[in-house]
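Descriptive structure summary
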Amino acid sequence: MAHWLFKSEPATWSWHQQLSKGVPEEWHGVRNYAARNNMRLMQLGEEGFFYHSVQEKQIMGIVRVVALAHPDSTADNPTWECVDIEAVCPLPRPVTLVAIKREERLRDMVLINNSRLSVQPVTDGQWALICEMGGL
DNA sequence: GCCAACGTTGGC
DNA sequence: GCCAACGTTGGC
């Protein structure tokens, strides 16, 4: 199964909110074709990292896809789709952007090479390494 | 607060 | 269909 990374500004929607919500939540608001296309590729049960951009710049936890891509309820155009996700668990030790940049084996991460893409693929190797760095 | 990178828009 | 102008994102 593929792995992913979801970026959010914590001031807009934080990991804490996702975690305390407890129920699936639409990952709405994406208005970028590349990010939308990544969500269309997602399968039920696939997992992704939840990353805090801007203020914190670190991976906070893991989420799971619980609904396939469907029209974004906040969009006026049905071309914009999103998946639903729920929190799985926090990383015991959040993995910072600094730590990711310092790790040679993560130099090909999309997070580093295309930091603006809000929904990104993560390779199996990157996934395993970051889980380890995060104390899982 | 600045600026680089990127995506989108719109004139031609 | 190209490309300049513009707006937004996000790291620093």
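Residues numbered from 1 in each chain as written. Chains lettered and ligands numbered in written order. Predicted model: local features only at pLDDT ≥ 70, side-chain atom pairs only at ≥ 80, totals over all residues. Heavy atoms only, no water.

Counting its regular elements, chain A contains 5 helices and 6 strands. Written out in order from the N terminus, the α and β elements of chain A read β-α-β-α-β-β-β-α-α-β-α. Whereas a compact globule of 136 residues would reach a radius of gyration of roughly 14 Å, chain A reaches 14 Å, a difference of no more than 12%. Its C-alpha atoms put chain A at 40 × 30 × 30 Å along the principal axes. The buried share of chain A, reckoned over its 136 residues, is 48%. Long-range contacts, defined here as pairs at least 24 residues apart, represent 69% of the contacts in chain A between residues at least 6 apart. Only carbon and sulfur atoms are counted for the fraction: they give 51% of the accessible area of chain A, which is about 7000 Å². With 13 positive and 16 negative side-chain charges, chain A shows a separation of 7 Å between the mean positions of the two kinds. (Helix = DSSP H or I, 4+ residues; strand = E, 2+ residues; numbered from the N terminus. Rg over C-alpha atoms; globule rule 2.2 N^0.38 Å. Buried < 20%, exposed > 50% of the residue type's maximum accessible area, 1.4 Å probe, protein only. Contact = heavy atoms within 4.5 Å. Areas by Shrake-Rupley, 256 points an atom, 1.4 Å probe, with all protein chains shown as cover. Lys, Arg positive; Asp, Glu negative; His and termini not counted. Charge placed at Lys NZ, Arg CZ, Asp CG, Glu CD.)

A few words on the pattern of salt bridges. The final tally for this structure, using the stated rule, is 6 salt bridges. In this structure, E81 and R40 form a salt bridge, with 3.2 Å as the shortest nitrogen-oxygen distance. Of this pair, E81 sits in strand β5 (residues 81-96) while R40 sits in helix α2 (residues 33-41), and the two are 41 residues apart along the sequence. Overall, E81 belongs to the buried group, its relative accessible area being 17%. The shortest N-O distance in the salt bridge between R107 and E104 comes to 2.4 Å. (Salt bridge = Lys/Arg side-chain N within 4 Å of Asp/Glu carboxyl O.)

Here the focus is the sheet that holds strand β2 (residues 25-26). The sheet built from 6 strands is open, its strands ordered β2-β5-β4-β3-β1-β6 with mixed pairing. Two strands lie at the open edges of the sheet, namely β2 and β6 (119-122), each paired on one side alone. Alignment of strand β1 (residues 3-8) against β6, held across 4 bridges, turns out to be antiparallel. Paired with F6 across the bridge in β6 is V119. Sheet contacts for helix α5 (residues 124-133): β1, β3 (47-52), β4 (58-71), β5 and β6; angle to β3, the most-contacted strand, approximately 60°. (Pairing = 2+ DSSP bridges. Axes fitted to C-alpha atoms, helices over the stretch in contact; angles between N-to-C directions.)

Bringing the protein's contact with DNA strand C into the picture now. Surveying the vicinity of DNA strand C reveals the residues K7, Y51, V54, K57, L97, K101, S115 and R116. Each atom of DNA strand C within 4 Å of the protein belongs either to a base or to sugar and phosphate, the latter forming 79%. Residues belonging to the surface near DNA strand C are distributed by class as follows: 3 nonpolar, 1 polar and 4 charged. (Near = heavy atom within 4 Å. Nonpolar A, V, L, I, M, F, W, Y, C, P; charged D, E, K, R; others polar.)

Let us look at the protein's contact with DNA strand B. Lining the immediate environment of DNA strand B, one finds N32, Y33, N113, N114 and R116. Within 4 Å of the protein, the atoms of DNA strand B are drawn from sugar and phosphate moieties in a proportion of 50%. Grouping the constituent residues of the surface near DNA strand B by class yields 1 nonpolar, 3 polar and 1 charged.

Enumeration over the complete set of coordinates arrives at 5 aromatic pairs. Ring geometry for W27 and F50: centres 5.5 Å apart, planes at 85°, overall edge-to-face. Note that W27 is positioned in the loop between β2 and α2 and F50 in strand β3, a separation of 23 residues in sequence. By relative accessible area, W27 is classed as buried at 7%. By the ring-pair criterion, three or more aromatic residues cluster together here, those being F6, W15, W27 and F50. (Phe/Tyr/Trp six-rings, centres within 6.5 Å; stacked < 30°, edge-to-face > 60°.)

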